[in-house]
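Topology and contacts: notes
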Amino acid sequence: MGQRETDTEKIECRAKELGQLGFKAYDALHLACAEEGKAQVFLTTDDRLLRKAKRYRSLLHVRVENPVFWLTGVRDSEDTHDEPEPN
């Protein structure tokens, strides 16, 4: 019977992969945790992290957004759903 990788080991491995892309150690660990936890969005005000996440968007398994822009998008989406449908 093969040995199953624990969640912690998966996170550590993924964090190392992200570190090799140039993410700082704690950023890589936080992103790896968000991915493992199946988060839909990872919010940060760290401009350097946002730029790097944008560059590697296709390799990440979580959307990385600035909280202000993300909230604006959510509110705009809600406003669109609240408008009455045209006749």
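Notes on the structure follow. Computed from a prediction, not measured in an experiment: that's the story for all the values here. (Residues numbered from 1 in each chain as written. Predicted model: local features only at pLDDT ≥ 70, side-chain atom pairs only at ≥ 80, totals over all residues. Heavy atoms only, no water.)

1. Re a positive patch on the surface
A cluster of basic residues, Lys24, Arg48, Arg51 and Arg55, forms a positive patch on the protein surface. Take Arg48: it is sitting in helix 3 (residues 47–55). (Patch = residues over 30% accessible without salt bridge, like charges linked within 9 Å, V, L, I, M, F, W, Y side chains within 5 Å. Areas by Shrake-Rupley, 256 points an atom, 1.4 Å probe, with all protein chains shown as cover. Salt bridge = Lys/Arg side-chain N within 4 Å of Asp/Glu carboxyl O. Lys, Arg positive; Asp, Glu negative; His and termini not counted. Charge placed at Lys NZ, Arg CZ, Asp CG, Glu CD. Helix = DSSP H or I, 4+ residues; strand = E, 2+ residues; numbered from the N terminus.)

2. Some thoughts on the packing of aromatic side chains
With the rule as written, the count across this model stands at one aromatic pair. Here Phe23 and Tyr56 contribute two aromatic rings whose centre-to-centre distance is 6.2 Å and whose plane-to-plane angle is 55°, an arrangement assigned as tilted. In this pair, Phe23 sits in the loop between helix 1 (7–20) and helix 2 (25–36) while Tyr56 sits in the loop between helix 3 and strand 2 (63–65), placing the two residues 33 residues apart along the sequence. (Phe/Tyr/Trp six-rings, centres within 6.5 Å; stacked < 30°, edge-to-face > 60°.)

3. Describing the layout of surface pockets
In this structure, the largest pocket encloses a volume near 210 Å³. If you go around the largest pocket, the residues you meet are Leu50, Ala53, Lys54, Arg57, Leu60, Val62, Arg63, Val64, Glu65, Asn66 and Phe69. Counting residues per element, the ones that place at least two in the lining of the largest pocket are helix 3 and strand 2. Residues that form the lining of the largest pocket fall into these classes: six nonpolar, one polar and four charged. (1 Å grid on protein atoms, 1.4 Å probe; cavity = no way out; pocket = protein on both sides within 12 Å on 5 of 7 lines; lining within 4 Å. Points joined across faces, edges and corners; volume = space filled by probe spheres on them. Nonpolar A, V, L, I, M, F, W, Y, C, P; charged D, E, K, R; others polar.)

4. Notes on the environment of Lys10
Tracing the sequence through the fold places Lys10 in helix 1. Separated by 22 residues in the primary sequence, Lys10 and Ala32 place their C-alpha atoms 8.4 Å from one another. With sequence-adjacent residues up to four places away left out, Lys10 is seen in contact with Glu5 and Glu36. (Contact = heavy atoms within 4.5 Å.)

5. Side note on the side chain of Lys52
By secondary structure assignment, the location of Lys52 is in helix 3. Look at Lys52: it is buried, it has no salt bridge, and the nearest opposite charge is Asp27 at 8.8 Å. What Lys52 contacts, discounting residues up to four positions off in sequence, is Leu21, Gly22 and Phe23. (Buried < 20%, exposed > 50% of the residue type's maximum accessible area, 1.4 Å probe, protein only.)

6. Looking at helix 1
Given a rise of 1.5 Å per residue, 14 residues ought to cover 20 Å, and the 20 Å separating the end C-alpha atoms of helix 1 matches this to within 8%. Inspection of helix 1 places Ile11, Arg14, Ala15 and Leu18 among the buried residues, and these make up the whole buried set. Along the axis of helix 1, the buried positions cluster into a sector of 105°, meaning they face one direction only. Seen from the buried face of helix 1, the exposed residues on the opposite side, beyond 90 degrees, are Lys16 and Gln20. On the buried face of helix 1, the contacting elements are helix 2. Looking at the residues trailing helix 1, positive phi occurs at Gly22, about 110°. (Expected span 1.5 Å × (residues − 1). Arc of directions from axis to C-beta.)

7. As for helix 3
Taken together, the buried positions of helix 3 are occupied by Leu49, Leu50, Lys52 and Ala53. The buried residues of helix 3 occupy an angular sector of 170° when projected down its axis, which confines them to one face. Away from the buried face of helix 3 by more than 90 degrees, exposed residues Arg48, Arg51, Lys54 and Arg55 are located. Sitting at the amino-terminal end of helix 3 is Asp46, which places a side-chain oxygen 3.0 Å from the backbone nitrogen of Arg48. (Polar contact = N/O pair within 3.5 Å; in protein donor to acceptor, adjacent residues only side chain to side chain.)

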